[in-house]
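Spelled out from the first residue to the last, the chains are:
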Amino acid sequence: MTHAQTLEQKIRSRTARAGVVGLGYVGLPLAVELAESGFTTVGIDLDPRKTSAIEAGGSYIPDVPASHVARLRAAGRLSATTDFSVIGGLDTVNICVPTPLRKTKDPDMSYVVSAVEQIALYVHPQMLVVLESTTYPGTTEELVRPMLEASGLKVGVDFFVAFSPERVDPGNPTFRTRNVPKVVGGCTPACTRVAAALYEAAVDTVVQVSSTRVAEMVKLLENTFRAVNIGLVNELALMCDTLGIDVWEVIDAAKTKPFGFMPFYPGPGLGGHCIPIDPFYLSWKARQSGFEARFIELAGHVNAHMPHVVVARVLDALNTQSKAVNGARILIAGITYKREIDDVRESPALDVMHLLQQKGALVEYSDPYVAALPASSWPGERALRSVEMTAEALRGYDCVVVVTDHRAFDYCQMVTSARLIVDSRNAIGVRAPHVFRLGAPCNATPAVEVVA
Ligand SMILES: NC(=O)c1ccc[n+]([C@@H]2O[C@H](COP(=O)([O-])OP(=O)(O)OC[C@H]3O[C@@H](n4cnc5c(N)ncnc54)[C@H](O)[C@@H]3O)[C@@H](O)[C@H]2O)c1
């Protein structure tokens, strides 16, 4: 039997030992899914707080219930360590480390490089290595493969390398690791087959593509598609502001078209670890070949401006009550980058808060998912704690700014108690003179109900 056939057999019989490097929003759900599928799985992370939490049967990712981790720990199917030498005993390793941008908007590959350097120390025959971190097309072939082949082993013959983009959507109760189709492209056809065998064990649908480059590009197409369409709808919102048209009503009507249209919604800007970042991996790579990715740059420009637009709305709103932003007490409702999650990375709320603070506003926030915001987590550099959004608390602010439309907020209470509201997400279901919505004239025809 070839090494590929032996490894495939180990995977199908679940005797393969699986490993996941990087146990964050992507890696921990994957490790749990592999363990659930019958593989003895070990998670490896540099952060001992994460590995200790898992070892203790706990979870720090809201989408992964601690009870699952505890059950898998008790069954001896899941463990976690900071010690990379365990890789020597693993048959498969999935890499799920961060791929952020540098300040210059160039890819920061340092996490991938350091993870692969560690794996290269222990790479051995009949081993599969899959990169899952979002990255530019060519990473697996040009960066990962040579680092691993420096061992003297040959990819596609002795060991196997593939790319499979992670498409997890944190906070999505419908689509989880198991029921989101997995796209897989290997360095060779044997690499694709072995990697597909691993995912077939753990997820419902596997889509094989012809190369690692195609698989890398798939993820960037998906996220660029979102970034560009959000940029377009944000620009339309600004246009509608100028034209006195309610962009939300326009989108609601447009989406009744049963084909050829997909609704995207305006908002305070992009956030999270994917949509604001990934398209720049693509434009950076395209630039290396002299290609200018104009849609990506333009969408990035429009989206990055949105926190300024929200702040301008706050100034307009305060102006209607003859108030200055300097000295105004402002409550930010929601600081995570999207609803129902606890992640504030790249959140536009942090920019909105910082811009308001720079103008002299006294900024506080309320977010049921983020109890405290350390000074180091946002450019305003003040440690804050979430304020409980009672009617009395709401009455104490000059303006409430809805940045994240968590369902847990009591929007009726907000409308009846707050003096002014700037709603950047169309979260407030009622129209009222003191509610200012992004992309809608404040005197828009009442669509639902008028609160006097
Ligand atoms: N979060 C998402 O919604 C999402 C969705 C799809 C794809 N992705 C992509 O998946 C990748 C991981 O994202 P994430 O959100 O899980 O990141 P994360 O920051 O939540 O987790 C990354 C983990 O990797 C660990 N780590 C860093 N360097 C390491 C190393 N050298 N060795 C071992 N562990 C290391 C960190 O300690 C951390 O626990 C990124 O490329 C991201 O773009 C993320």
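Residues numbered from 1 in each chain as written. Predicted model: local features only at pLDDT ≥ 70, side-chain atom pairs only at ≥ 80, totals over all residues. Heavy atoms only, no water.

Asks: Can you explain the packing of helix 8 (residues 212–243) against helix 10 (residues 278–288)? Please cite residues and give values.
Replies: Closest axis-to-axis distance for the helix 8/helix 10 pair is 8 Å, and the angle between their directions is 115 degrees. Our pair here, helix 8 against helix 10, has a crossing hand that is left-handed. Together, Met217, Lys219, Leu220, Asn223, Thr224 and Ala227 of helix 8 and Asp278, Pro279, Tyr281 and Leu282 of helix 10 make up the contact between the two elements. Split into classes, the residues belonging to the contact of helix 8 with helix 10 amount to six nonpolar, two polar and two charged. (Axes fitted to C-alpha atoms, helices over the stretch in contact; angles between N-to-C directions. Helix = DSSP H or I, 4+ residues; strand = E, 2+ residues; numbered from the N terminus. Left-handed = near helix turned anticlockwise from the far one by under 90°. Contact = heavy atoms within 4.5 Å. Nonpolar A, V, L, I, M, F, W, Y, C, P; charged D, E, K, R; others polar.)

Asks: Please set out the pattern of salt bridges residue by residue, giving values where relevant.
Replies: Two side chains bearing opposite charge may form a pair once their charged atoms approach each other closely. For the structure on display, the rule yields 30 salt bridges. For Arg49, the salt bridge identified is with Asp47, shortest N-O distance 3.1 Å. Two residues, Asp398 and Arg419, come together in a salt bridge whose shortest N-O distance is 3.0 Å. Taken together, the positions of Asp398 in the loop between helix 13 (391–395) and strand 13 (399–402) and Arg419 in the loop between helix 14 (411–417) and strand 14 (421–423) put the pair 21 residues apart, joining distant regions of the chain. For Asp398, a relative accessible area of 12% puts it in the buried group. (Salt bridge = Lys/Arg side-chain N within 4 Å of Asp/Glu carboxyl O. Buried < 20%, exposed > 50% of the residue type's maximum accessible area, 1.4 Å probe, protein only.)

Asks: Which residues make up the confidence of the model for the protein, and what values do they have?
Replies: For the protein, the mean per-residue pLDDT works out to 95, and 98% of the residues sit at or above 70. Confidence drops under pLDDT 50 across residues 444–452; counting only partners more than four residues distant or on other chains, this segment forms 13 contacts. (pLDDT = per-residue confidence, 0-100.)

Asks: Would you mind going over the packing of helix 6 (residues 139–149) against helix 8 in detail, with residue names and values included?
Replies: Contact geometry for helix 6 and helix 8: axes closest at 8 Å, N-to-C directions at 120 degrees. On the basis of their axis angle, the class for helix 6 and helix 8 is oblique. Contacts from Thr139, Thr140, Glu141 and Glu142 in helix 6 reach Thr212, Arg213 and Glu216 in helix 8. (Parallel < 35°, antiparallel > 145°, perpendicular 65-115°, else oblique.)

Asks: Just give me the short version of empty space enclosed by the protein, but keep the residues and values in it.
Replies: Per the stated rule, a full pass over the model turns up one cavity of 30 Å³ or more. Considered as a void within the structure, the largest cavity measures approximately 50 Å³ in volume. Broken down by class, the residue content of the lining of the largest cavity amounts to four nonpolar, one polar and four charged. (1 Å grid on protein atoms, 1.4 Å probe; cavity = no way out; pocket = protein on both sides within 12 Å on 5 of 7 lines; lining within 4 Å. Points joined across faces, edges and corners; volume = space filled by probe spheres on them.)

Asks: An account of the sheet that holds strand 9 (residues 329–333) is requested, with residue identities and associated values reported.
Replies: With respect to topology, five strands assemble into an open sheet ordered 10-9-13-14-15, the strand pairing being parallel. Each of the sheet's edge strands pairs with one partner strand only, and the pair in question is strand 10 (362–366) and strand 15 (435–437). In this sheet, adjacent strand axes meet at a mean angle of 20 degrees when their direction is disregarded. The sheet contacts of helix 12 (residues 348–358) involve strand 9 and strand 10, and relative to strand 9 the element is tilted by about 175 degrees. (Pairing = 2+ DSSP bridges.)

Asks: How would you summarise a nonpolar patch on the surface if you had to cite specific residues and measurements?
Replies: Together, Leu232, Leu236, Met239, Leu243, Ile245 and Val250 line one region of the surface with nonpolar side chains, adding up to about 500 Å² of accessible area. The element contributing the most residues to the nonpolar patch is helix 8, with four residues. Topologically, Val250 is positioned in helix 9 (residues 247–254). Among the residues examined, Val250 registers a relative accessible area of 41% and is labelled partly exposed. (Patch = residues over 30% accessible without salt bridge, like charges linked within 9 Å, V, L, I, M, F, W, Y side chains within 5 Å. Areas by Shrake-Rupley, 256 points an atom, 1.4 Å probe, with all protein chains shown as cover.)

Asks: Please provide a residue-by-residue account of the pairing of strand 6 (residues 160–163), values included.
Replies: With burial as the criterion, each face of strand 6 is covered, one bearing Phe160 and Ala162 and the other bearing Val161 and Phe163. As paired elements, strand 5 (residues 128–131) and strand 6 share four bridges and run parallel to each other. Note on strand 6: the bridge partner recorded for Leu131 is Phe163. Each parallel crossover has a hand, and for strand 5 linked through helix 6 to strand 6 it is right-handed. (Right-handed = clockwise from strand over helix to strand, strands pointing away.)

Asks: Tell me about helix 2 (residues 27–36), residues and numbers included.
Replies: Within helix 2, nine of the 10 residues are buried, which leaves it mostly tucked inside the rest of the structure. Buried residues of helix 2: Gly27, Leu28, Pro29, Leu30, Ala31, Val32, Glu33, Leu34 and Ala35, and no others. Of the residues trailing helix 2, Gly38 is marked for its positive phi of about 110 degrees.

Asks: Now, about the site of the ligand: what can you tell me, with residues and values included?
Replies: The environment of the ligand is made up of 28 residues, and the closest members are Val26, Asp45, Lys50, Thr99 and Ser114. For the ligand, an oxygen atom lies 2.6 Å from a polar atom in the side chain of Asp45. The fraction of the free accessible surface of the ligand (830 Å²) that becomes covered by protein chains is 94%. The element that contributes the greatest number of residues to the shell around the ligand is helix 5 (residues 110–122), accounting for three residues. The residue inventory of the shell around the ligand, partitioned by class, reads 15 nonpolar, seven polar and six charged. (Near = heavy atom within 4 Å. Polar contact = N/O pair within 3.5 Å; in protein donor to acceptor, adjacent residues only side chain to side chain.)

Asks: Go over helix 5, please, and point to the residues and values.
Replies: Relative to the 18 Å expected for 13 residues at 1.5 Å per residue, helix 5 spans 19 Å between its end C-alpha atoms, a close match to the ideal helical length. Listed as buried for helix 5 are Val112, Ala115, Val116 and Ile119. Along the long axis of helix 5, the arc covered by the buried residues comes to 95 degrees, so they all point the same way. Residues of helix 5 that are buried make contact with strand 1 (17–21), strand 4 (92–95), strand 5 and helix 6. (Expected span 1.5 Å × (residues − 1). Arc of directions from axis to C-beta.)

Asks: Explain the sheet that holds strand 2 (residues 40–44) to me, using residue names and the numbers behind them.
Replies: Spatially, eight strands are ordered 3-2-1-4-5-6-7-8 in an open sheet, and the strand pairing comes out mixed. The open sheet has two edge strands, strand 3 (78–81) and strand 8 (206–208), and neither has a second partner. Averaged over all neighbouring strand pairs, the angle between strand axes comes to 25 degrees, with direction disregarded. Taken together, the five bridges between strand 1 and strand 2 define a ladder with parallel strand orientation. When the bridges of strand 2 are listed, Val20 appears paired with Gly43.

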